[in-house]
Amino acid sequence: MAILKVARIGNPVVRARAEAVPERAIRSAEMQRLIADMRDTMHEYDGVGLAAPQVHLGIRLAVIEVAEEDERAEDSVPFTVLINPRVHPLGKAMQTGWEGCLSIPELRGIVPRFSAVRLEALNAQGEKYVVEARGFFARVVQHECDHLEGKVYLDRMSGMESLCFLREFERFHAGETD
Ligand code: NI
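About the thresholds
- Residues numbered from 1 in each chain as written.
- Predicted model: local features only at pLDDT ≥ 70, side-chain atom pairs only at ≥ 80, totals over all residues.
- Heavy atoms only, no water.
- Donors = N, O, S within 2.8 Å, 3.2 Å for Na, K, Ca; no water.
- Helix = DSSP H or I, 4+ residues; strand = E, 2+ residues; numbered from the N terminus.
- Buried < 20%, exposed > 50% of the residue type's maximum accessible area, 1.4 Å probe, protein only.
- Pairing = 2+ DSSP bridges.
- Salt bridge = Lys/Arg side-chain N within 4 Å of Asp/Glu carboxyl O.
- Core = buried A, V, L, I, M, F, W, Y, C linked by side-chain atoms within 4.5 Å.
- Contact = heavy atoms within 4.5 Å.
- Patch = residues over 30% accessible without salt bridge, like charges linked within 9 Å, V, L, I, M, F, W, Y side chains within 5 Å.
- Areas by Shrake-Rupley, 256 points an atom, 1.4 Å probe, with all protein chains shown as cover.
- Expected span 1.5 Å × (residues − 1).
- 1 Å grid on protein atoms, 1.4 Å probe; cavity = no way out; pocket = protein on both sides within 12 Å on 5 of 7 lines; lining within 4 Å.
- Points joined across faces, edges and corners; volume = space filled by probe spheres on them.
- Nonpolar A, V, L, I, M, F, W, Y, C, P; charged D, E, K, R; others polar.

Chemist: Got a sec to walk through the coordination of the nickel ion? Specific residues and values, please.
Modeler: Angles at a metal have ideal values that depend on geometry: 109.5 degrees with four tetrahedral donors, 90 or 180 degrees with six octahedral donors. Coordination of the nickel ion by the protein involves Cys 101 (SG), His 143 (NE2) and His 147 (NE2), with metal-donor separations of 2.1 to 2.2 Å. Coordination of the nickel ion draws on donor residues from a single chain, spaced C-x41-H-x3-H in sequence. Separated by 42 residues along the polypeptide, Cys 101 in strand E4 (residues 94-101) and His 143 in helix H3 (residues 135-148) bring together distant segments of the chain. On the accessibility criterion, His 143 (8% relative accessible area) is buried.

Chemist: Can you break down the sheet that holds strand E8 (residues 164-165) residue by residue, with the values?
Modeler: An order of E4-E5-E8 is seen for the three strands of this open sheet, with the pairing classed as antiparallel. Across the chains shown, the open sheet's two edge strands, defined by having one partner strand only, are E4 and E8. Where strand E5 (residues 104-114) lies against E8, two bridges are found, and the strand directions are antiparallel. Each residue of the ladder has a partner; that of Arg 108, found in E8, is Cys 164.

Chemist: Give me the environment of Ala 36: which residues, what numbers.
Modeler: Within the secondary structure, Ala 36 sits in helix H2 (residues 29-44). Note on Ala 36: relative accessible area 37%, which makes it partly exposed.

Chemist: I'd like to hear about the pattern of salt bridges, residue by residue, with values.
Modeler: Taken as a whole, this structure holds twelve salt bridges when the rule is applied. With its nearest N and O atoms 2.9 Å apart, the salt bridge here joins Asp 146 to Arg 113. Taken together, the residues Asp 146 in helix H3 and Arg 113 in strand E5 connect sequence positions 33 residues apart. Comparing Asp 146 with Arg 113 shows no difference in burial state: the two are buried. Between Glu 120 and Lys 128 there is a salt bridge; the shortest N-O distance is 3.5 Å. Each of Glu 99, Arg 113, Arg 139, Asp 146 and Arg 156 takes part in salt bridges that share partners, so that together they form one network.

Chemist: Any chance you could break down the nonpolar core for me, citing the residues and the numbers?
Modeler: One finds Ile 64, Leu 82 and Val 141 to be the most contacted residues of the largest nonpolar core, which totals 21 residues. Of all the secondary structure elements, the ones that give two or more residues to this core are strand E2 (61-66), strand E3 (77-89), strand E6 (116-122), strand E7 (128-134) and H3. With seven residues, the top contributor of residues to this core is H3. In this view, Val 141 contacts Ile 64, Val 87, Val 117, Leu 119 and Ala 133; residues no more than four positions away in its chain are not counted. Within the second largest apolar cluster, 16 residues are counted, among which are Val 21, Met 42, Val 55 and Ala 124.

Chemist: Could you give an account of a nonpolar patch on the surface, naming the residues involved and the relevant values?
Modeler: A surface patch of nonpolar side chains, about 360 Å² in accessible area, is lined by Met 1, Ile 3 and Tyr 45. Counting through the fold element by element, Met 1 comes out in the segment before helix H1 (12-15). Residue Met 1 is classed as exposed on the basis of its relative accessible area, which comes to 81%.

Chemist: Account for H3, with residues named and values stated.
Modeler: In a regular helix each residue adds 1.5 Å, so 14 residues correspond to 20 Å; H3 covers 21 Å between its end C-alpha atoms and thus fits that length. Within H3, 14 of the 14 residues are buried, leaving the element largely enclosed by the surrounding structure. Following H3 by one or two positions, Gly 150 adopts a phi angle in the positive range, close to 80 degrees.

Chemist: Give me the lowdown on the layout of surface pockets, citing residues and values where you can.
Modeler: Each pocket or cavity is described by its volume, and for the largest pocket that value is around 1300 Å³. Of all elements in the fold, only H2, E2, E4, E5, H3 and helix H5 (166-173) reach the threshold of two or more residues within the lining of the largest pocket. Looking at the lining of the largest pocket residue by residue, the classes come out as 16 nonpolar, 13 polar and 17 charged. Roughly 270 Å³ of volume is contained in the second largest pocket. Lining the second largest pocket we find 16 residues, and of these Val 87, Gln 142, Cys 145, Asp 146 and Arg 156 sit closest to its centre. Mapped onto the lining of the second largest pocket, the elements with two or more residues apiece are E3, E5 and H3. Residues belonging to the lining of the second largest pocket are distributed by class as follows: nine nonpolar, one polar and six charged.

In structure tokens form, the structure reads like this:
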């Protein structure tokens, strides 16, 4: 187990477009160790997702896991590995919701996202899967896949008025859905 160092905004790796993972590399011991370390790092910092550029690696890999006790989510999401993901909106409906990011510590902001998306990716064994994600899961998928394009949630906010520090978020806004 290893906790990886998280890159914050300002580090160019967070803003660079990540490169595709070669399929032959997925089952390597190195990649499997990286995936396990990203899972440990996400847990350590209480994240629900983590993308490889956030741990200084410009490759198209992200992990997502939403615990059952997470009050932001309607449903839990089991540990999910996204390699070379593609995301397509399912319809035009959008939802607003609060987001934070391990690369932008101590801040929260309201972000509009597609309510439902179709995710196509390879898993940790290099097998293709397709899932339809809705609600909070869809939000996390869009947030993590944005990281692979060098985008962060601040870029997706419709305005900066909602941006707040975590302490003020908990004091004034906790429990709001938008
Ligand atoms: Ni993030």
